[in-house]
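The residues making up each chain are set out below.
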Amino acid sequence: WSERSEPSAAATAARTILVAEDDPDVVGIVDAQMRAAGYHTLIAFDGKQALAAVRSHNPDVLVLDLMLPILTGFEILAQVQQMATRPGVIVLSARGREDDVTRAFELGADDYMTKPFSPQELMAPVARVRR
């Protein structure tokens, strides 16, 4: 007989990450990091796509850029906040001014990271805000 280890609870949990980011380089970095950690990823390149994906796929975590085309990250945060079931939200933005950070938290962000960033540093907040 062979010994088989049971998959961990984390490995068997539904774990979907929506990356809402218009920079293809950042998307590639975040997507690769999340997939390597065993997450299923969805990608949205503008705010309209991001909001539609939140509504249709109910991701566990939304990694959100604030400067998206069509709808800004702030507009998405405001709409996501009104949803009965919402993902954990990590803002990942080049906007690091105090008023931007404060506004994001007021609109319901769970965490805030500024670019440039270390992809490994993104893993802790993702694990923490996963709902």
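What you see is a predicted model, and the numbers here were worked out from it, not measured in a lab.

Points about the overall build of the chain
Assigned secondary structure in the chain consists of 6 helices and 5 strands. What you see in the chain, going N to C, is helices and strands ordered as α-β-α-β-α-β-α-β-α-β-α. Restricting to contacts in the chain with at least 6 residues of sequence separation, those with at least 24 account for 63%. Per element, the accessible surface of the chain, about 7,100 Å² overall, is 50% carbon and sulfur.

A look at the environment of I17
Within the element layout of this structure, I17 appears in strand β1 (residues 16-20). Overall, I17 belongs to the buried group, its relative accessible area being 0%. I17 sits 72 residues away from V89 along the chain, and the two C-alpha atoms are 9.9 Å apart. Leave out the neighbours within four places in its chain, and I17 touches M34, Y39, H40, T41, L42, V61, V63 and V126.

Description of the nonpolar core
Soluble globular proteins tend to pack their nonpolar side chains together in the buried interior. Counting residues in hydrophobic clusters, the biggest one holds 23 residues, and the most contacted among them are L62, L64, I76 and L77. Contact partners of L62, with chain neighbours within four places excluded, come to L18, A20, V54, I76, P87, G88, V89 and I90. Core analysis: the second largest hydrophobic core is formed by 16 residues, V30, M34, I90 and M123 among them.

Concerning the sheet that holds strand β4 (residues 88-93)
Pairing is parallel in the open sheet, where 5 strands are placed in the order β2-β1-β3-β4-β5. Each edge of the open sheet carries a strand with a single partner, namely β2 (40-44) and β5 (111-114). The mean inter-strand angle of the sheet, taken between neighbouring strand axes irrespective of direction, is 20°. Note that β1 and β2 share 5 bridges and pair parallel.

Quick notes on the pairing of β1
With 5 of 5 residues buried, β1 is to be regarded as a mostly interior element. Of the two faces of β1, both are covered, the one formed by T16, L18 and A20 as well as the one formed by I17 and V19. Crossover handedness for the path β1 to helix α2 (residues 24-36) to β2: right-handed. Relative to strand β3 (residues 61-64), β1 is paired through 4 bridges, and the arrangement is parallel. Opposite L18, over in β3, you have L62 as the bridge partner.

What counts, and at which threshold
- Residues numbered from 1 in each chain as written.
- Predicted model: local features only at pLDDT ≥ 70, side-chain atom pairs only at ≥ 80, totals over all residues.
- Heavy atoms only, no water.
- Helix = DSSP H or I, 4+ residues; strand = E, 2+ residues; numbered from the N terminus.
- Contact = heavy atoms within 4.5 Å.
- Areas by Shrake-Rupley, 256 points an atom, 1.4 Å probe, with all protein chains shown as cover.
- Buried < 20%, exposed > 50% of the residue type's maximum accessible area, 1.4 Å probe, protein only.
- Core = buried A, V, L, I, M, F, W, Y, C linked by side-chain atoms within 4.5 Å.
- Pairing = 2+ DSSP bridges.
- Axes fitted to C-alpha atoms, helices over the stretch in contact; angles between N-to-C directions.
- Right-handed = clockwise from strand over helix to strand, strands pointing away.

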